[in-house]
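Results of the structural survey
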Amino acid sequence: MGKLLPFLFLIIIFSGNVSAQNTKYPPVAANDSSYFNAADKAEDEKDLPKAIYYHTKAISIAKPNSGEMKRSLVYRGVDKFFVGDVTGAIDDLEQALKMKVTNSSIYGMVDNNHIEGKFNALAWFILGDCYTTKDFNDAACFCYSKAGELGYEKAYKRISTYCNK
């Protein structure tokens, strides 16, 4: 056992170094915008698990209550919805909707109300889709109404399909 211990130690160290070097997704510059851009590219490529990974990285380093954090929470929620993780999507979207943006540098915008409206509209809409898949139609209709109030035009089609019966 005494001779085996150093050998096991080397195996553990070696395997740890290999896994640290071989990540599943390529690294990007460690800032929230670079991670978001990588997620956006992954979404364009229809690689939603990769997009979720990069959004998660962006969220982990974004400033609290920032437009960057809200943006990545909303888009990660959208991506989770489309990969079938409805519960994860609901969690992300509800967290984003509870967040009040107090600072942001995205798109050079300084109007936090504009950022709130833009991302909240999408969050309410997809949250409605999440609730529809769970047959919570009253909750879905509430969400679609909120999205419509914020100017998300597609919400009105969902309202006519699911709510005006």
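This structure is a prediction, so every number in the text was calculated from the model and none was measured. (Residues numbered from 1 in each chain as written. Predicted model: local features only at pLDDT ≥ 70, side-chain atom pairs only at ≥ 80, totals over all residues. Heavy atoms only, no water.)

So, about helix α3 (residues 48-61). Each full turn of the α-helix corresponds to 3.6 residues, which orients residues three or four apart in the same direction. Spanning 14 residues, α3 covers 20 Å between terminal C-alpha atoms, matching the ideal 20 Å at 1.5 Å per step. Listed as buried for α3 are Leu 48, Lys 50, Ala 51, Ile 52, Tyr 54, His 55, Ala 58 and Ile 59. (Helix = DSSP H or I, 4+ residues; strand = E, 2+ residues; numbered from the N terminus. Expected span 1.5 Å × (residues − 1). Buried < 20%, exposed > 50% of the residue type's maximum accessible area, 1.4 Å probe, protein only.)

Before going further, it helps to examine the pattern of salt bridges. A complete count under the given rule lists 3 salt bridges for this structure. Close ionic contact of Asp 92 with Lys 80 constitutes a salt bridge, the shortest N to O distance being 3.2 Å. Of this pair, Asp 92 sits in helix α5 (residues 86-98) while Lys 80 is found in helix α4 (residues 67-83), placing the two residues 12 residues apart along the sequence. Like Asp 92, the residue Lys 80 is buried in the burial classification. Note that Asp 129 and Arg 158 form a salt bridge whose closest N and O atoms lie 2.9 Å from each other. (Salt bridge = Lys/Arg side-chain N within 4 Å of Asp/Glu carboxyl O.)

Our next topic: the nonpolar core. Val 74, Leu 93, Ile 126, Leu 127 and Cys 130 are the most contacted members of the largest nonpolar core, which totals 29 residues. Every element with two or more residues in this core is listed here: α4, α5, α6 (112-133), α7 (137-149) and α8 (154-162). No other element matches the 9 residues that α6 contributes to this core. By size, the runner-up hydrophobic cluster in this structure holds 8 residues, among which are Tyr 25, Ala 38, Tyr 54 and Ala 58. (Core = buried A, V, L, I, M, F, W, Y, C linked by side-chain atoms within 4.5 Å.)

Our next topic: the packing of aromatic side chains. Across all of its chains, the model carries 10 aromatic pairs by this definition. Aromatic side chains Trp 124 and Phe 142 sit 5.7 Å apart centroid to centroid with 80 degrees between the ring planes, which places their arrangement in the edge-to-face category. Of this pair, Trp 124 sits in helix α6 while Phe 142 sits in helix α7, and the two are 18 residues apart along the sequence. With centroids separated by 4.7 Å and ring planes inclined at 35 degrees, the aromatic side chains of Phe 125 and Tyr 152 adopt a geometry described as tilted. (Phe/Tyr/Trp six-rings, centres within 6.5 Å; stacked < 30°, edge-to-face > 60°.)

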